[in-house]
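Here's the letter readout for the chains.
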Amino acid sequence: MLIRKRPPRPTPPGTPFQHENHPRPVTRREMLGAGLLGASGMVLGPAWLGSLLKAQNARAGGLDADIEALLGSTQCNIPTASGSLPFIVFDLAGGANLVGSEALVGQQGGQANFLSTAGFNKLGVPGNMVPTSTTFISSALGLLWQSDGAILRGIQSVAAASTQAGVNGAVIPAMSQNDTSSNTTNPIYGIAAAGAKGTVITLVGSDSSTSGGNSMPLMYTVNPALQPATIDEPSDAVALAPPMPAGGVDPLALAELESQTRISAGTALYQGASSTGTEFTGALADPSGSTPGVVLVPGSGNASLDAATKNQVRCSYVQAANTANIFAAGPAGLDPTQDPLIVGGTSPIFTAADFSNQMVATTASIMKLVIDGYAGAGTISFGGYDYHDGTRATGETANFQAGQMIGAVLEYAARKGVPIMIQIMSDGSLSANSTVDTSAAGRDKLGWQGDNSTVAATLFLVYSPKGRPALRNGVAGQQIGYFSSDGSVVTTSSPAANSVNQIPELIMLNYMGLLGTDSQFTTLFPQQGLGAASALAAMTVFEPIV
């Protein structure tokens, strides 16, 4: 008697994964990768900022001149209008497939130096769907893609053709460890140091970790002043603004916040690195003779550091007053559900019903904060990408949903006429088996068999309202590093290929390249490990777009 083994069934969206070769999830990261936890959001900022932002009402009329002077770049460096290049990371927790079946990755020479059929099979592409120069290949996003890639299909289901025409991208073949939060692949603090700033907050994200996502930040870039506060839905974004009375604007609230600044440290201009703290008065004045005062950083020779710390404290009060001034007429500008470009307009990106989906609620809230300039940069982390359950359907569905969220960000940026850089990453990756999933959701592709860090990669996309970003080093430059013919990262092909610390450095370098400030990269990040100027130039993909 012939006994047939029952084929694996796809895991429904939102259902936790139960792999027989994985231990029972215990940590938050393991639960996120297994799909036991979903998307969440947060905002990063000084821990004491929240109480000030939410404690007062606002009045119209603008800031007083002495407080407004403290917004400047040599003082508190608080933007008065959006103007930096928005940046968002999509961190897909669990080890998603990002290349081969998605963005193309090639051998030395670029994406179009195709892998062997066996190499594509390893990356989930069956023999009858292997890309060639004329078949199963898409250049709709500038970066070459397998034409049936789930992320690509998701993006195209949301982003208009005109939006896609303004997109370009690059692929970074680089190993990272599977199923762990220890990969230091998140560049968010480096992006902030490179110039990403918001009028209300510097960074936003989607987890209560140091990075705001699943993976860790590059440790030498971490700024401890940027601490997380959770944003899970539009109401949390709205809560960044001071509460408004139903009958109108309180005429005293902004004056109260400005007075708090004056009482804390006065409004004399900070003197920068040469400061000894004598410009600070009020509660933060230095001790003088029998007059009491405050020293925040005691010790001989620490006067300049003490002054810098006092200025940081004063700037928290200035930020609170500035936020109250921005939202004197109310907080509707923070609410994606009130934005007709996102929902409710003639051609909305989402419907009101879509906001019951946590991925939509988180993505819409964070993309609005970042693209509208209220935040400088952010991370959106989704769980459930450890999808090697033997089928293809589960992974196709998860990647398509991620693509929809990426497409929403691109489309909103296009509607606002704002450029944006998007990084797409995961912790490790996975390889395929030889079984074709013939289900409708499986799309006749090979099933995912197990974790495999040697096929990992990171992507980034760039949108410009001026048109598709121009390449500095030709099409070969869109791939930083390369794979072997049989479908594995060649670990000597780039500084990042076998070093996770260099993955965020490449993103930071290319962010600065888009700003036209990449010549300052080694000065801003002296600990970088990418190499000398000539090496950096070869790894900077695009011409400036701002």
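Here the structure is a predicted model, which is why all the values come from computation and not from measurement.

1. Description of the overall build of the chain
Reasoning step 1: Within the chain, the secondary structure is distributed over 15 helices and 12 strands.
Reasoning step 2: The proportion of buried residues among the 546 residues of the chain is 55%.
Reasoning step 3: Intrachain contacts of the chain at a sequence separation of at least 6 include 78% that bridge at least 24 residues.
Reasoning step 4: For the chain, the exposed surface amounts to about 20600 Å²; the carbon and sulfur share of it is 54%.

2. Concerning the packing of aromatic side chains
Reasoning step 1: Under the criterion given, the structure shown has 7 aromatic pairs.
Reasoning step 2: Ring geometry for F521 versus F525: centroids 5.4 Å apart, planes at 55°, classification tilted.
Reasoning step 3: We classify F521 as buried; its relative accessible area is 0%.

3. Focus on unusual backbone geometry
Reasoning step 1: Unusually for a residue other than glycine, N77 sits at a positive phi of about 50°.
Reasoning step 2: Within the element layout of this structure, N77 appears in the loop between α3 (65-68) and β2 (87-92).
Reasoning step 3: Since its relative accessible area comes to 32%, N77 is described here as partly exposed.
Reasoning step 4: The backbone of R443 sits at a positive phi, close to 60°, despite the residue not being glycine.
Reasoning step 5: Tracing the chain through its elements places R443 in the loop between β10 (430-437) and β11 (445-451).
Reasoning step 6: What makes R443 partly exposed here is its relative accessible area of 32%.

4. A short note on the pattern of salt bridges
Reasoning step 1: On inspection of all chains with the given rule, the structure shows 15 salt bridges.
Reasoning step 2: D148 is the partner of K445 in a salt bridge, and the nearest nitrogen-oxygen pair spans 2.9 Å. Remark: D148 occurs in the loop between β4 (143-146) and α5 (150-158) and K445 occurs in strand β11; sequence separation between them is 297 residues. For the residue pair K445 and D148, the accessibility class agrees, reading buried in each case.
Reasoning step 3: A salt bridge links D306 to K310, with the shortest nitrogen-to-oxygen separation between them at 3.3 Å. You can see D306 and its partner K310 sitting in helix α10 (residues 303-326), 4 residues apart, about one turn around the helix.

5. Examining the pairing of β4
Reasoning step 1: The alternating pattern of β4 places L143 and W145 on one face and L144 and Q146 on the opposite face, and all of these are buried.
Reasoning step 2: Linking strand β3 (residues 137-141) back to β4 in an antiparallel pair, the connection comprises 1 residue, with G142 at a positive phi of about 80°.

6. Section: the environment of Y270
Reasoning step 1: For Y270, the location among the structural elements is in the loop between α9 (253-265) and α10.
Reasoning step 2: Residue class for Y270 comes out buried when judged on its relative accessible area of 13%.
Reasoning step 3: Along the primary structure Y270 and T74 are separated by 196 residues, whereas in three dimensions their C-alpha atoms are 7.7 Å apart.
Reasoning step 4: With residues near it in sequence (within four places) discarded, Y270 still touches T74, Q75, S275, E279, F280, A307, A308, N311 and R314.
Reasoning step 5: Within the structure, Y270 has its side chain in polar contact with the backbone oxygen of G272 (distance 3.4 Å).

7. Structural notes on the nonpolar core
Reasoning step 1: Residues F350 and M367 are the most contacted members of the largest nonpolar core, which totals 80 residues.
Reasoning step 2: Excluding its chain neighbours within four sequence positions, the residues that come into contact with M367 are I88, I342, I349, F350, D372, A408, V409 and Y412.
Reasoning step 3: In this structure, A192, Y511, L514 and F542 belong to the second largest nonpolar core, which totals 38 residues.

8. Some words on the packing of helix α11 (residues 358-371) against helix α12 (residues 393-416)
Between two packed helices, both the angle of their axes relative to each other and the distance between the axes serve to describe the pair.
Reasoning step 1: The N-to-C vectors of α11 and α12 enclose an angle of 30°; their axes lie 10 Å apart at closest approach. With respect to α12, the axis of α11 lies roughly parallel. Read as a crossing pair, α11 and α12 show a hand that is right-handed. Residues M359, V360, T363, M367, K368 and I371 of α11 form the contact with α12, whose participating residues are Q401, A402, M405, A408, V409, Y412, A413 and K416.
Reasoning step 2: Among the residues making up the contact of α11 with α12, the classes are represented as 10 nonpolar, 2 polar and 2 charged.

9. Description of α9
Reasoning step 1: With 13 residues, α9 should cover 18 Å at 1.5 Å per step; its first-to-last C-alpha distance of 19 Å lies within 8% of that length.
Reasoning step 2: Of the positions making up α9, those classed as buried are A253, L254, L257, E258, T261, S264 and A265. Considered in projection along α9, the buried side chains sweep an arc of 145° and stay on one side of the axis.
Reasoning step 3: After α9 finishes, the residue G266 shows a positive phi value of roughly 80°.

10. So, the confidence of the model for the chain
Reasoning step 1: In the predicted model, the chain carries a mean pLDDT of 88, and 86% of its residues have values of at least 70.
Reasoning step 2: When the criterion is pLDDT under 50, residues 40-60 qualifies, and its contacts beyond four places in sequence or with other chains add up to 104 contacts.

11. Quick word on helix α13 (residues 502-515)
Helical geometry: 3.6 residues make up each α-helical turn, so side chains three or four residues apart lie on a common side.
Reasoning step 1: Across its 14 residues, α13 extends 20 Å between first and last C-alpha, which sits within 8% of the 20 Å expected from 1.5 Å per residue.
Reasoning step 2: Judged by how many residues are buried, α13 sits mostly within the fold: 13 of 14 residues are covered.
Reasoning step 3: Where α13 ends, the next residue or the one after it, G516, has phi of about 80°, a positive value.

12. Notes on the pairing of strand β12 (residues 457-463)
Reasoning step 1: With respect to burial, β12 is a largely interior element, 7 of its 7 residues being buried.
Reasoning step 2: Going residue by residue along β12, you find A457, L459, L461 and Y463 tucked away on one face and T458, F460 and V462 tucked away on the opposite face as well.
Reasoning step 3: Two strands pair when backbone bridges link them, and strand β5 (residues 167-173) and β12 are joined in this way by 7 bridges, in the antiparallel orientation. By the bridge assignment, P173 is partnered in β12 with A457.
Reasoning step 4: With 5 bridges connecting them, strand β9 (residues 420-426) and β12 associate as antiparallel partners. Among the inter-strand pairings, Q423 is bridged to a residue of β12, identified as F460.

The rules we used
Residues numbered from 1 in each chain as written. Predicted model: local features only at pLDDT ≥ 70, side-chain atom pairs only at ≥ 80, totals over all residues. Heavy atoms only, no water. Helix = DSSP H or I, 4+ residues; strand = E, 2+ residues; numbered from the N terminus. Buried < 20%, exposed > 50% of the residue type's maximum accessible area, 1.4 Å probe, protein only. Contact = heavy atoms within 4.5 Å. Areas by Shrake-Rupley, 256 points an atom, 1.4 Å probe, with all protein chains shown as cover. Phe/Tyr/Trp six-rings, centres within 6.5 Å; stacked < 30°, edge-to-face > 60°. Salt bridge = Lys/Arg side-chain N within 4 Å of Asp/Glu carboxyl O. Pairing = 2+ DSSP bridges. Polar contact = N/O pair within 3.5 Å; in protein donor to acceptor, adjacent residues only side chain to side chain. Core = buried A, V, L, I, M, F, W, Y, C linked by side-chain atoms within 4.5 Å. Axes fitted to C-alpha atoms, helices over the stretch in contact; angles between N-to-C directions. Parallel < 35°, antiparallel > 145°, perpendicular 65-115°, else oblique. Left-handed = near helix turned anticlockwise from the far one by under 90°. Nonpolar A, V, L, I, M, F, W, Y, C, P; charged D, E, K, R; others polar. Expected span 1.5 Å × (residues − 1). Arc of directions from axis to C-beta. pLDDT = per-residue confidence, 0-100.

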